[in-house]
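# Summary of the model geometry
One-letter residues, chain by chain:
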Amino acid sequence: MISHKLLWVFGANVHQMFQQQLQFVCGKGGVGKSTVSLSLANYFAHQRLRTLLVEVNSLSGTPNVIRELQKNLWTVNLSPDACAREYLVLKLHSERLYKLVFDNPVADACIRFIPGLDQLTMMGKIWFHSTEKRVNGKPQYDRIVIDCPATGHGLAFLEVAQIFYDAAKHGPIAHDAQLMAQTIADPEKSRVHIVTLLEELPVHETSEFIKCLCLSQAAMPGAVVINRLGTRIFNETLAVELSNTMIDTPSVDPDLAAALEIAQDQLFFEKQQTEQLQILRLAADELPLFKFLHERKADEYPFAALN
Amino acid sequence: MSTLSQLLTDKRLVVVTGTGGVGKTTLSATLAVKGAQLGKKTLVVTIDPAQRLKDLLGLTEADTQPKRVTTFSEPVYAMILDMGRAWDDLILRMSADKKQAQAIFDNRFYRYFTRDVVGSQEFIACDILYELASLDYDLIILDTPPAQHAIDFLDAPNRILSFIDQKAFHVLSKPPKSRLAQFGLRLVGRWTGLMQPFAEKLVGGTLLRECIEFWQLSQVLFTPIVERTKAFQQMLQESHSAFVVVTTPHAHAMAEASVLIEQLRKRQLRLSGLVLNNVLSARIPKPPYPAETALWDAVLQAVQVREQAVAVQTQLVKKIDAFGVESVVHLPHLGAQLSPVEGVGVLCGY
C-alpha cells in the first residue's frame, strides 16, 4: 500500500525505525538536517510522546539549558565545552573542587589535550538524558531526536564512545564510554537516519556514510530521508516524445519554443534526480527511502503516513 | 548590476564562499577564466569537487599541485586541495622514513585529530594556501568546501590556533620524567597535586600514553605550521584579498548568504560582491498548445512549475537590497543543452 505522502521503496517495516528512544539524524551540511530533525521531533510530540530535540553546537540559545518549545516537546543546544566541564564536575564530585582546579586556561588545555573528549561528553549528556526518569518511574523522554554535527566524517560522533572504550579500557571514562557505546549500538534503543538531497555530492557522501556505518557497527541505520525532492512530470514515454517534438517542431512561435525549452530543462533536471535516486537506492540497499515534505499545517507531518 | 570583472579588480586572492549546491565551483572556474582573459596568471584552487567539475577543469584526484588547464584556451591553472590527505602528505614529507610515518598514521589520536576534530583540516589547508600565495600567480581563486555554515572555513583554524598558543599546551606535552609523575604540570604546587591523581584515575590504559605521544609529535609539527597559518589569515585581511558570496534564489541559500555576509562584516573581511546564480528568466510563455495530448499537458505543467519558481525568485531577489552589498552580479540559469565548459564560456560574458 503506497500512500501518496510516502515514497516507499522497499518493504521494510518502516514503523520499526521510529520506535527507538534515541533517534539520530545525520547528514552533511546544507541538506536540511535541522528541518528534518525538528519535523521528526514535532511528529513524536504530536503522538503524545515526550520528546527532546538535541542540537549540537548550533548558534541559537544558551548552551545546555533545556527549554520547552510546545506541549511534549523540549529542546536543548549542547555545547562541547559545557558538556566537558559538566562531566568533569560530575567526576570530581564537587563543583568547588572543579573551580579550584579548573577554572583557568589549564583546564581548557586539559580538555582539549584529549582529542574527542568534548564529543564524548556530549554523547554522554545525550545518554544521560535517555536514562532520566520521572517521579513515576517512567522515562523523562520517550524520544530523543539528535540533530548530529555535520562535520568531518559524520561517523566520528557516533563512534566516539567506542573509540574511547577501546583506548581507555579501565577507569571511569572507559566505563561510561562502554555504556554509551552499548546503547548507541543497540537496535532496540537507537537508530540513525540519514538526510540527503538528490544531487551528486550529497548522494555520494550518503553512500559512503551508510557503507562506513555498517562496517563500524557503531549504530543501526534507520531511514534515508530525501529532502527537496522535485516533482516528476515526465515519465519515460513522455521524455522520448518531448525529445522528438523538439526535433520535429520548427521554432516558428517563440512562445512555443520557450515552453519547449522550459520543458526540456525540467526533463534534464528530472533525469539527474532519477540518476541520483538509482545510485542512492543501490547504496541504501534495504533501508527505506522517505520523501520529506515541508508541511505548513500544524497537524500534517512528513511522517504522518507511518500511522 | 555589476560584472564579474568588477569582482576581480585589483585583487590577488578571491575566496568564493556560499552554502552547498549554489554553484561555487563553476563560478570559481568562471572567475579563473575571466582572470586569464584580463591577462592575469590565474590559479583556481578547488576543494573536493564533484566529478563533472573535475571534468570541467580536466582534473583528477592526483592533481594536488597546480596544473595547466586544457579544457579552456585561456591560460588557467588549477589544482585540488585535498584536505583529507593534506595531513598525511605533510607527515610523509617530514618523517625520516616510512616506518616513522606509519607509526604516526597508526596513532588513534592522529587519525581522530586529522579527520574529525573541527578545524584541523582547514588549519592545514591554510598552510598549503600560504605556500601557494607565495608563488608567482597574479590571481588565486579559492573555492571553499560546501559546508552548511560556510564561515567554518574561516573560524576553524582559530580553534586549533587558540589551543596551541596556550602555554599549558607546551607544558602538557613535555615528556614525563617518570610514568605519569609530572604529567606536564609544573605550574602551581596545588594544581600539580590535584591534577595528577585525577588524570591517572580518569584516563586509564593506553589512552593517556597515546595521547601524550600525539601531542609530543604535534608540537614538532605545529610550530612551523602555526606561523604560516597565521600569515595566511593575515593575507585574507589585506586589501588585495576579497570574498565573494554565492547564492541562488532559494530560501535556504539566501538565508545562509545573509548569515555569511554578516559574519564577514563582523570579521572586517572585504566582501567584493554577491553573485546570484541560477537566475531564471522571468518571461513565462503562454502559447496556444498544438493539441491536448499527454505531452502538451506535461509541457504545460513544466511551465507552471517554472512560473512558481520565478514567483519565489522574485520575492527573494527583493531581499538582496537589504544585504547592502555594493556589487551584485546576476548569473543566468544555464540551459540543459550546454556542456559545463560551454556553460563557463557563457557565464564569462557577465
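Please refer to the structure placed before this passage.
Residues numbered from 1 in each chain as written. Chains lettered and ligands numbered in written order. Predicted model: local features only at pLDDT ≥ 70, side-chain atom pairs only at ≥ 80, totals over all residues. Heavy atoms only, no water.

## Things to note about the overall build of chain A
This is how it is decided: Numbering of helices and strands runs from the N terminus, with a helix taken as a DSSP run of H or I at least four residues long and a strand as a DSSP run of E at least two residues long. Only protein chains enter the accessibility calculation, which uses a 1.4 Å probe; a residue is then buried when its area is under 20% of its type maximum, exposed when over 50%, and partly exposed in between. Throughout, a residue-residue contact means that at least one pair of heavy atoms, one from each residue, lies within 4.5 Å. Only the protein chains shown count as covering a residue, and every accessible area follows the Shrake-Rupley method with a 1.4 Å probe.
Counting its regular elements, chain A contains 10 helices and eight strands. Buried residues in chain A amount to 52% of all 307 residues. In chain A, the proportion of contacts linking residues at least 24 apart, taken out of those at least 6 apart, comes to 71%. By element, 54% of the accessible surface of chain A is carried by carbon and sulfur atoms, the whole surface being about 14,200 Å².

## Details of helix α7 (residues 120-133) of chain B
Residues and elements named next belong to chain B. Rules: Helix span, as expected, comes to 1.5 Å for every residue beyond the first.
The first and last C-alpha atoms of α7 sit 20 Å apart over 14 residues, in line with the 20 Å expected at 1.5 Å per residue. Counting buried residues in α7 gives 10 out of 14 residues, a clear majority hidden from the surface. Listed as buried for α7 are S120, Q121, E122, F123, I124, A125, C126, D127, L129 and L132.

## Here's the deal with the side chain of D147 of chain A
Formally: Side-chain atoms alone can form a polar contact between residues adjacent in sequence; in general such a contact is a pair of N or O atoms within 3.5 Å, and within protein one must be able to donate a hydrogen while the other accepts it.
On the secondary structure map, D147 of chain A appears in strand β5 (residues 143-147). Polar side-chain contacts of D147 of chain A include one of 2.9 Å to the side chain of K33 of chain A.

## Structural notes on the pattern of salt bridges
Residues and elements named next belong to chain A. Our working definition: Here, a salt bridge means any Lys or Arg side-chain nitrogen found within 4 Å of an Asp or Glu carboxyl oxygen.
Under the defined criterion, the tally for this structure stands at 13 salt bridges over all chains. The salt bridge partner of E208 is K211, with a shortest N-O separation of 3.3 Å. On the criterion of helical spacing, the pair formed by E208 and K211 is a turn pair, its members being three residues apart in helix α8 (residues 200-216). Its relative accessible area of 32% is what places E208 among the partly exposed residues.

## Comments concerning the packing of helix α6 (residues 156-168) of chain A against helix α6 (residues 108-116) of chain B
Filter applied, for reference: To obtain an axis, a line is fitted to C-alpha atoms, over the contacting stretch when the element is a helix, and the angle between two such axes runs from 0 to 180 degrees between their N-to-C directions. Roughly parallel means an angle under 35 degrees; roughly antiparallel means over 145; roughly perpendicular covers 65 to 115; every other angle is labelled oblique. Throughout, a crossing is termed right-handed when the near helix is turned clockwise from the far one, and left-handed when it is turned anticlockwise from it by less than a right angle.
Axis separation between α6 of chain A and α6 of chain B bottoms out at 12 Å; the angle between their running directions is 165°. Considering their axes alone, α6 of chain A and α6 of chain B lie roughly antiparallel with respect to each other. Crossing of α6 of chain A against α6 of chain B: the hand is left-handed. Each of A156, E159, I163, D166 and A167 of chain A in α6 of chain A lies in contact with α6 of chain B, whose residues at this interface are R108, Y112, R115 and D116 of chain B.

## Here's the deal with the sheet that holds strand β7 (residues 271-279) of chain B
All names here are of chain B. As a reminder, the rule being used: The pairing criterion for strands is at least two bridges between them, as found by DSSP.
A sheet is described by the order of its strands in space; here eight strands give the open sequence β3-β4-β2-β5-β1-β6-β7-β8, paired in mixed fashion. With one partner strand each, in any of the chains shown, β3 (67-68) and β8 (328-332) form the two edges of the open sheet. Pairing between strand β1 (residues 13-17) and strand β6 (residues 241-247): five bridges, direction parallel. Bridge pairing in β6 links V16 to V244.

## Comments concerning the pairing of strand β7 (residues 221-227) of chain A
Residue and element names in this part refer to chain A. Selection rule: Orient the strands so they point away from the viewer; a crossover is then right-handed if the path from the first strand over the helix to the second runs clockwise.
The element β7 is largely enclosed, with a buried count of seven among its seven residues. The pairing of strand β6 (residues 190-197) with β7 spans five bridges and is parallel. Its bridge partner being in β7, T196 is matched across the sheet by I226. This β-α-β element, β6 to α8 to β7, shows right-handed connectivity. In terms of strand pairing, β7 meets strand β8 (residues 289-291) through three bridges, oriented parallel. Considered in β8, the bridge of V225 is made with F290.

## With respect to the environment of E74 of chain B
Residues and elements named next belong to chain B. Following the sequence through the fold, E74 ends up in the loop between β3 and β4 (76-80). Among the residues examined, E74 registers a relative accessible area of 18% and is labelled buried. In sequence terms E74 and T42 are 32 residues apart; their C-alpha atoms lie 9.8 Å from each other. Beyond its immediate sequence surroundings of up to four residues, E74 is in contact with V33, A36, Q37 and R68.

## Remarks on α8 of chain A
Residues and elements named next belong to chain A. For clarity, the cut-off: Working definition: the arc comes from the directions between the helix axis and the C-beta atoms, pointing outward to the latter.
Taking 1.5 Å as the rise per residue, α8 with 17 residues should run 24 Å; its terminal C-alpha atoms sit 24 Å apart, in good agreement. All buried positions along α8 are accounted for by P202, V203, T206, S207, F209, I210 and L213. On an axial view of α8, the arc spanned by its buried residues comes to 165°, and they lie on one face. Check the buried side of α8 and you find it contacts β1 (22-26), α6, β6, β7 and α10 (254-284). Looking one or two places after α8, you find Q217, whose phi comes out positive at around 55°.

## Description of the packing of aromatic side chains
Residues and elements named next belong to chain B. The criterion, for reference: The criterion for an aromatic pair is that two Phe, Tyr or Trp rings (for Trp, the six-membered ring) have centres within 6.5 Å, with stacked assigned to planes under 30 degrees apart, edge-to-face to planes over 60 apart and tilted to the rest. In our convention, an over-ring charge means Lys NZ or Arg CZ found within 6 Å of a ring centre and within 35 degrees of that ring's normal.
Within the structure shown, the criterion is met by seven aromatic pairs over all chains. When the centroid spacing of 6.2 Å and the interplanar angle of 20° are considered together, the rings of W87 and F123 count as stacked. Taken together, the positions of W87 in helix α4 (residues 83-94) and F123 in helix α7 put the pair 36 residues apart, joining distant regions of the chain. Note on accessibility: W87 and F123 belong to one class, buried. The ring centre of Y77 lies 5.5 Å from the NZ or CZ of K41, which sits over that ring. Over the ring of Y137 we find K41; its NZ or CZ atom is 4.8 Å from the centre of that ring.

## Concerning the packing of helix α5 (residues 117-131) of chain A against helix α7 (residues 172-185) of chain A
All names here are of chain A. For clarity, the threshold we go by: Side-chain classes are defined by residue name, with Ala, Val, Leu, Ile, Met, Phe, Trp, Tyr, Cys and Pro counting as nonpolar, Asp, Glu, Lys and Arg as charged, and the others, Gly among them, as polar.
Where α5 meets α7, the closest approach of the two axes is 10 Å, and the angle between their N-to-C directions is 60°. By the criterion of interaxial angle, the relationship of α5 to α7 is oblique. Handedness of the α5/α7 crossing: left-handed. In this structure, α5 uses L117, L120, M123, G124 and W127 to contact α7, whose residues at the interface are I173, A177, L179, M180, T183 and I184. Per-class residue counts for the contact of α5 with α7 are nine nonpolar, two polar and no charged.

## A closer look at the sheet that holds β6 of chain A
Residue and element names in this part refer to chain A. The strand order β3-β4-β2-β5-β1-β6-β7-β8 describes an open sheet built from eight strands, whose pairing is mixed. The two strands at the open ends of the sheet, each matched to only one other strand, are β3 (67-70) and β8. Across the sheet, the axes of successive neighbouring strands diverge by a mean angle of 25°, strand direction being ignored. Pairing geometry for β3 and strand β4 (residues 73-78), over three bridges, is antiparallel. Following the sheet pairing, Q70 is matched in β4 by L73. Its contacts with the sheet place α8 against β1, β6 and β7, and it is angled at close to 160° to β6. Along the sheet, α10 contacts β6, β7 and β8; its crossing angle with β7, the most-contacted strand, is approximately 170°.

## Here's the deal with unusual backbone geometry
We note that N72 of chain A has phi near 70°; this positive angle belongs to a residue other than glycine. With respect to the helices, strands and loops of the structure, N72 of chain A is situated in the loop between β3 and β4. Backbone geometry places D10 of chain B, a non-glycine residue, at a positive phi of 60°. Positionally, D10 of chain B belongs in the loop between α1 (4-8) and β1. D10 of chain B gets classed as exposed once you look at its relative accessible area, which sits at 57%.

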